[in-house]
Amino acid sequence: MNDGKKILIVSGGTGGHIFPAIVLGKNFQAEGDTVSWLCGSRELEQEIYKSSGINPVIISLSGSPIGTKSLTKNFGRVISLVKSFFQTLKFIKTFKPDEIYLFGGYISFAPLLIAKLKKIPLTLHEQNAVAGKVTRIASKMGVKILTGWPECEGIKNFKYFGIPVRKPQRLSRSEALKILGLDEKISLDKKIVGITGGSLTSGPLIKILMKVSELCREFEFVFLSHEHKDEDNRHFILPQWNMNPFFSICDILVCRSGGSTLAEALEWGMPTITIAWPGAADNHQEKNAREFVKLSKNSQMFNENDSPEKLAELMKML
C-alpha cells in the first residue's frame, strides 16, 4: 500500500496552474504522504495558496525571462532564474523528496534541471491542449508527462490524466445567493448566467456581454469582477476563492478557455459557453475549448468577433 513518500509539488503563475497542484497534493496527503509546495514570489500565487491553508516554499522568481520585451526586466529575470536555481537546490537537499511533480510554466524550469541531475523521479502535468515550453523541454528529456486533455499538441509521448479539480459542494440557490450578497437582488426563480475568467471582462468582449444582457432580459447576469455593483439585470461581485457558491447559482457559465476553469465546468456538469482568449500563447485556449466541447454534453464555443445576437441565441438554446 502506501509507503509515506515525501513529495514536492512545484506550481506558480496563475490559479490555472496552482489549484490543480493543490488538489493533487491534498490527495497525496490524504494517502499519508508528506507534501511541500514550491511557488514563485508573486503576491497572487501566495494568496491562492493561503486561501487553501497552505504555506508554500517561496523562491525569488516572478516571471520568465522570455515573457517580457523589456531588456531591464529580462536581465532581472535572468538573474532571478539563476538565483532560484540555487534556492530550489538548497530546499531539495533539505527536504529530500522521493518524487517531484511539476505543473509547468517558468517556475518549473529550475526544479526540472535539478531533478534530472539528482535523478529524482519526476512527473510533469500539462493543463493545456498545447504543450508549454517547459513541457516540451521536459518531454525531450524523457520526463513522464500527464496531460489534462486527450490531445496535447507539441509532444508525442504522454498519458491522458485529466486536470485535478476541487470537488463540487453544491449549495441550495437561496444559501448561495445569500453568501454572494445577491439574495435581495435576484429572485429564486430567475435563470442566472455566471461570467468569469481571466481577461474576460475587458476590451470588446465586455461590450458584447453588456449587449447580450439587454437582449436576454429574462436572465440575470452575475460577473466576477473587481468591483461590487448592480445595474438592472447585471450584478458585479468580487472574485471568489471558494467557487462553490458562485457555481451553485449558475444555470449557464460563460468563461474563458483556461484548462482548469474548463475542467471545473466539466466536474460541475454546467451548460457552458467558452470564449477562447485570442492572445493565448500558441492559441492554446482555442485548442482547450475544442477538447472541452468534445467531452461536454451541453456546452458550446463562441468567437468574440461574432455578434451579441449569436451569443444570446446560444444562451437561450442552452
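Residues numbered from 1 in each chain as written. Predicted model: local features only at pLDDT ≥ 70, side-chain atom pairs only at ≥ 80, totals over all residues. Heavy atoms only, no water.

1. Quick word on the packing of aromatic side chains
Thinking step 1. Evaluated as defined, the whole model comprises 8 aromatic pairs.
Thinking step 2. Between Phe-91 and Phe-95 the ring centres are 5.4 Å apart and the planes differ by 10°, which places this aromatic pair in the stacked class. Linking Phe-91 with Phe-95, this pair stays in helix α3 (residues 71–95), spanning 4 residues, or about one helical turn.
Thinking step 3. Between Phe-223 and Phe-236 the ring centres are 4.6 Å apart and the planes differ by 15°, which places this aromatic pair in the stacked class. Of this pair, Phe-223 sits in strand β9 (residues 219–224) while Phe-236 sits in strand β11 (residues 234–237), and the two are 13 residues apart along the sequence. Grouping residues by exposure puts Phe-223 and Phe-236 together as buried.
Thinking step 4. Among the aromatic residues, ring-to-ring pairing joins Phe-246, Phe-247 and Trp-268 into one connected group. (Phe/Tyr/Trp six-rings, centres within 6.5 Å; stacked < 30°, edge-to-face > 60°. Helix = DSSP H or I, 4+ residues; strand = E, 2+ residues; numbered from the N terminus. Buried < 20%, exposed > 50% of the residue type's maximum accessible area, 1.4 Å probe, protein only.)

2. Notes on the sheet that holds strand β1 (residues 6–10)
Thinking step 1. With respect to topology, 7 strands assemble into an open sheet ordered β3-β2-β1-β4-β5-β6-β7, the strand pairing being parallel. Each end of this open sheet is capped by a strand with a single partner; those strands are β3 (57–58) and β7 (159–160).
Thinking step 2. Direction of pairing for β1 relative to strand β2 (residues 34–39): parallel, over a ladder of 5 bridges. Bridging from a neighbouring strand, Ile-7 pairs with Val-35 of β2. (Pairing = 2+ DSSP bridges.)

3. Thoughts on the pairing of strand β6 (residues 144–147)
Thinking step 1. One ladder, built from 4 bridges, connects strand β5 (residues 122–126) with β6; its direction is parallel. When the bridges of β6 are listed, Leu-124 appears paired with Ile-145.
Thinking step 2. Handedness of the crossover joining β5 and β6 through helix α5 (residues 133–140): right-handed. (Right-handed = clockwise from strand over helix to strand, strands pointing away.)

4. Considerations on the packing of helix α9 (residues 259–268) against helix α10 (residues 284–295)
Thinking step 1. In the contact formed by α9 and α10, the axes pass within 10 Å of each other and the chain directions differ by 10°. Between α9 and α10, the interaxial angle falls into the category roughly parallel. Only Asn-288, Ala-289, Phe-292 and Leu-295 of α10 make contact with α9, whose side of the interface consists of Gly-259, Leu-262, Ala-265 and Leu-266.
Thinking step 2. Across the contact of α9 with α10, the residue classes tally to 6 nonpolar, 2 polar and no charged. (Axes fitted to C-alpha atoms, helices over the stretch in contact; angles between N-to-C directions. Parallel < 35°, antiparallel > 145°, perpendicular 65-115°, else oblique. Contact = heavy atoms within 4.5 Å. Nonpolar A, V, L, I, M, F, W, Y, C, P; charged D, E, K, R; others polar.)

5. Notes on the environment of Leu-81
Thinking step 1. By secondary structure assignment, the location of Leu-81 is in helix α3.
Thinking step 2. You can call Leu-81 partly exposed: its relative accessible area is 22%.
Thinking step 3. Sequence spacing of Leu-81 and Arg-136 is 55 residues, and the spatial spacing of their C-alpha atoms is 19 Å.

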